[in-house]
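So you can see what is in the structure, the chains are spelled out below.
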Amino acid sequence: NSESNDAMLIDDQFLLGDHIMVAPVMEYKARSRHVYLPPGRWIFWDILEDAPKMDANQLIMNGPTRIQIDAPLDRLPLFYRLD
């Protein structure tokens, strides 16, 4: 299908094992980026650190999907696959 073909063309993010998506910012001065999340239930890694203080279930993203995220200099965009 075209979704999996499009995913094969992505060269600026990668899976670390089966559960961690690493999506570094590669553009000079960029403070946001698009991220492709393959099939599965995903959560932004920073949310996991704050999970006791919030309802993380409200922040789960279902893949496959493409999202736009903020990416300040002090944070590497990481996502964790829950399933």
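In case you missed it, the structure is sitting above this.
Remember, predicted model here, so these are calculated numbers, not experimental data.

Considering the pattern of salt bridges
Then comes step 1: A complete count under the given rule lists two salt bridges for this structure.
Then comes step 2: For Arg 33, the salt bridge goes to Asp 12, with nearest N and O atoms at 3.2 Å. You can see Arg 33 sitting in strand 3 (residues 32–44) and its partner Asp 12 sitting in the loop between helix 1 (2–8) and strand 1 (14–16), a full 21 residues away along the chain.
Then comes step 3: Looking at Arg 33, the relative accessible area reads 9%, which means it is buried.
Then comes step 4: Arg 41 is paired through a salt bridge with Asp 83; the nearest N and O atoms lie 3.6 Å apart. Here the residue Arg 41 occupies a position in strand 3, and Asp 83 occupies one in the segment after strand 5 (78–81), the gap between them amounting to 42 residues.

Things to note about unusual backbone geometry
Then comes step 1: Cis geometry marks the peptide bond from Gly 63 to Pro 64, where omega comes out at 10 degrees.
Then comes step 2: Its location among the elements puts Pro 64 in strand 4 (residues 61–70).
Then comes step 3: Positive phi, normally seen in glycine, also occurs at Lys 29, with a value near 65 degrees.
Then comes step 4: Turning to its location among the elements, Lys 29 is positioned in the loop between strand 2 (20–22) and strand 3.
Then comes step 5: On the accessibility criterion, Lys 29 (60% relative accessible area) is exposed.

Brief notes about the pairing of strand 3
Consecutive side chains along a regular strand alternate between the two faces of the sheet.
Then comes step 1: As paired strands, strand 3 and strand 4 are joined by nine bridges and run antiparallel to one another. Residue pairing across strands places Val 35 opposite Ile 67, the latter belonging to strand 4.
Then comes step 2: Bridge count between strand 3 and strand 5: three bridges; the pairing is antiparallel. Looking at strand 5, one finds that Trp 42 is bridged to Arg 81.

Examining the nonpolar core
Then comes step 1: By size, the foremost hydrophobic cluster in this structure holds ten residues: Met 21, Ala 23, Val 35, Leu 37, Trp 42, Phe 44, Met 61, Ile 67, Ile 69 and Phe 79.
Then comes step 2: Those elements giving two or more residues to this core turn out to be strand 3 and strand 4.
Then comes step 3: Here this core gets four residues from one element, more than from any other, and that element is strand 3.
Then comes step 4: Apart from residues lying up to four places away in sequence, Ala 23 is in contact with Asp 12, Gln 13, Arg 33, Val 35 and Pro 77.

Here's the deal with the environment of Ala 30
Then comes step 1: With respect to the helices and strands, Ala 30 occurs in the loop between strand 2 and strand 3.
Then comes step 2: Looking at Ala 30, the relative accessible area reads 15%, which means it is buried.
Then comes step 3: Separated by 43 residues in the primary sequence, Ala 30 and Leu 73 have C-alpha atoms spaced 8.9 Å apart.
Then comes step 4: Ignoring any residue separated from it by four or fewer positions in sequence, one finds Ala 30 in contact with Val 25 and Ala 71.

The rules we used
- Residues numbered from 1 in each chain as written.
- Predicted model: local features only at pLDDT ≥ 70, side-chain atom pairs only at ≥ 80, totals over all residues.
- Heavy atoms only, no water.
- Salt bridge = Lys/Arg side-chain N within 4 Å of Asp/Glu carboxyl O.
- Helix = DSSP H or I, 4+ residues; strand = E, 2+ residues; numbered from the N terminus.
- Buried < 20%, exposed > 50% of the residue type's maximum accessible area, 1.4 Å probe, protein only.
- Pairing = 2+ DSSP bridges.
- Core = buried A, V, L, I, M, F, W, Y, C linked by side-chain atoms within 4.5 Å.
- Contact = heavy atoms within 4.5 Å.

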